[in-house]
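Listed below, chain by chain, are the residues.
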Protein chains: 2
Amino acid sequence: MTVLETTNPTTNSDDCAGPRRQDRRPDGQDRYTISEVVVFTGLTAHTLRWYERIGLMPHIDRSHTGQRRYSNRDLDWLDFVGKLRLTGMPVADMVRYAELVREGDHTYGERFELLESTRRAVLDRITELQDTLAVLDRKISFYAEADLDAGLARQVESAR
Amino acid sequence: MTVLETTNPTTNSDDCAGPRRQDRRPDGQDRYTISEVVVFTGLTAHTLRWYERIGLMPHIDRSHTGQRRYSNRDLDWLDFVGKLRLTGMPVADMVRYAELVREGDHTYGERFELLESTRRAVLDRITELQDTLAVLDRKISFYAEADLDAGLARQVESAR
DNA sequence: CGCTTGCTTGGAGTGCACTCCAAGGTTTTA
DNA sequence: TAAAACCTTGGAGTGCACTCCAAGCAAGCG
C-alpha cells in the first residue's frame, strides 16, 4: 500500500511553530523536490501543482525527466503568497499580482496599489474583529456571571 | 418580468453604515415579514430560510397562512449570528451553539467554552493579521521607493 | 376581479479553494 | 535488480456557504 501525497495537515513535523524552516540549502544547490517544498511551506503537493496551473507561480524549473525542482527564490515567493493568503486575499487577486510581477518593472505602480488596498482591507478587518471581540466579551462575561447565579440568567440574557 | 429575491448586496439602502437599523417596532407588534428582515440584516431571503433549515434559527412564528413572521428576539439573534459570522466561525459551530441554547440553561458551561475558544481564535487572528500587515508594509515601502526612482512620485504622495 | 408583487417548498446549482484519482514513469533503498 | 517510495498529468470530486429555480399559494391595490 502506497501512501503518496500526504493529506493530513498535522503531519507537518513542525508542531511548535516558529521560523525553524528546516534547512534551506545555499543558492546554487537549491533544487528542492516537491515533497521538500511541502515540508517548507505546509502546503500539499496537490496545492503546489495547482498554484502552478492557475498561474500563481513562475515557471518552476524541471529535472531532465520533467520533475519539479524548486529554488530558494520559489520558496521566498511561496512565503509571500502565504502571507497574502493570510490576509484573506482571493486567489484570483494573487494570480493578478503574479502576472504583474511577470510583466516586469513597468507594473510597479499597479502592484503598489494592489498591496495598498490589501493593506487597507487588513486594517479594516482588524477593526472589525476588535469590534466583534467586544460583543463576544460582553456575552462571555454574561455567561461568567450566569455561572454564579444560574437561575436568573435566562431573563438577563433576553434583556440583553 | 418579476424581480423577486433581490440578490445584489449593494441594494441594502444602508450604504452609510452605522446602527441606523430602519425602524424596529415595539415588542407586541414585532411580526416582520422575511423581506423586512432582509432590510434589517442585509442577508438575503434565501439565506434566512436556509439558516432556518439547518437549525441556526429557533422556530420562526408563522402567519395563519404559513408565512414567516420574525420577532424582535429573532432579530437580536440574527445580529448575534452576524457577529459570530464576522469572527469566521463555521456555520456548523454556530448551529451547535444554537442547539445548546435550545437545550436550555444546563448548557451554560458548554456555551461559555464555545464562546471562549472563539474569543481566543479571534485574538489569534488579530495577531496573525498584524504580523501580515508588517510584511505588507515592508513590501509597500519597497515599492514606494521604487516608484520614486521611476519618477512616479506623484502617485506615492497621492496615496498618502 | 384581476394584476402585480411577495412568500412558500424541496432540491438543484454556483464559486471558491482546494483535494483526490488513475495510470503510469522515476528515484532511492536493500 | 527489484521493491518501495516518489513524481507526473488532466480531469473529476469535495466541502462550505450560500444562491437560485419552478410551481404555486398569498396579499395589497385600483
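Remember, predicted model here, so these are calculated numbers, not experimental data.

What counts, and where the lines are drawn
- Residues numbered from 1 in each chain as written.
- Chains lettered and ligands numbered in written order.
- Predicted model: local features only at pLDDT ≥ 70, side-chain atom pairs only at ≥ 80, totals over all residues.
- Heavy atoms only, no water.
- Buried < 20%, exposed > 50% of the residue type's maximum accessible area, 1.4 Å probe, protein only.
- Helix = DSSP H or I, 4+ residues; strand = E, 2+ residues; numbered from the N terminus.
- Arc of directions from axis to C-beta.
- Contact = heavy atoms within 4.5 Å.
- Buried area = accessible area lost by both parts, 1.4 Å probe.
- Salt bridge = Lys/Arg side-chain N within 4 Å of Asp/Glu carboxyl O.
- Polar contact = N/O pair within 3.5 Å; in protein donor to acceptor, adjacent residues only side chain to side chain.
- Least-squares fit on C-alpha atoms with pLDDT ≥ 70 in both.

Caption draft 1: Here's a closer look at helix 1 (residues 34-41) of chain B. All names here are of chain B. Those residues of helix 1 that fall on the buried side of the exposure criterion are I34, V37, V38 and F40. Around the axis of helix 1, the buried residues are gathered within 165° of arc, so they sit on the same side. Buried positions along helix 1 lie against helix 2 (45-53), strand 2 (68-69) and helix 3 (72-86). Once helix 1 ends, the next one or two residues include G42, with phi positive near 80°.

Caption draft 2: Quick look at the interface of chain A and chain B. Listed by partner, the interface residues are 40 residues for chain A and 39 residues for chain B. Contact between chain A and chain B buries roughly 3800 Å² in total, counting both sides, with carbon and sulfur atoms accounting for 70%. Of all residues in chain A, the largest losses of buried area upon contact with chain B belong to A:F112, A:R119 and A:Y143, amounting jointly to 18% of the total for that side. At the boundary of chain A with chain B, the tally comes to two salt bridges. Where chain A packs against chain B, one counts eight residue pairs in polar contact (both at pLDDT 80 or more). Only helix 3 (72-87), helix 5 (108-148) and helix 6 (153-158) of chain A provide two or more residues apiece to the side of chain A that touches chain B. Considering every element that reaches the side of chain A that touches chain B, the biggest residue donor is helix 5 of chain A, with 27 residues.

Caption draft 3: Representation of the relation of the copies chain A and chain B within the structure. You can overlay chain A on chain B at an RMSD of 0.1 Å; the transform is a turn of 180° with a shift of 0.0 Å along its axis. Overall, the copies show the geometry of a two-fold rotation axis. Taking C-alpha positions as reference, the residue of chain A nearest the rotation axis is A:I126, located at 3.0 Å.

Caption draft 4: Inspection of the pattern of salt bridges at higher detail. Tallied over the full model, the rule gives 22 salt bridges over all chains. Residue B:R125 pairs with B:E128 through a salt bridge whose shortest N-O separation is 2.8 Å. With B:R125 and B:E128 both in helix 5 (residues 108-149) and three residues apart, the pair spans about one turn of that helix. By relative accessible area, which is 30% here, B:E128 ends up partly exposed. Several salt bridges share partner residues, and in doing so they unite A:R24, A:D76 and A:D79 into one network.

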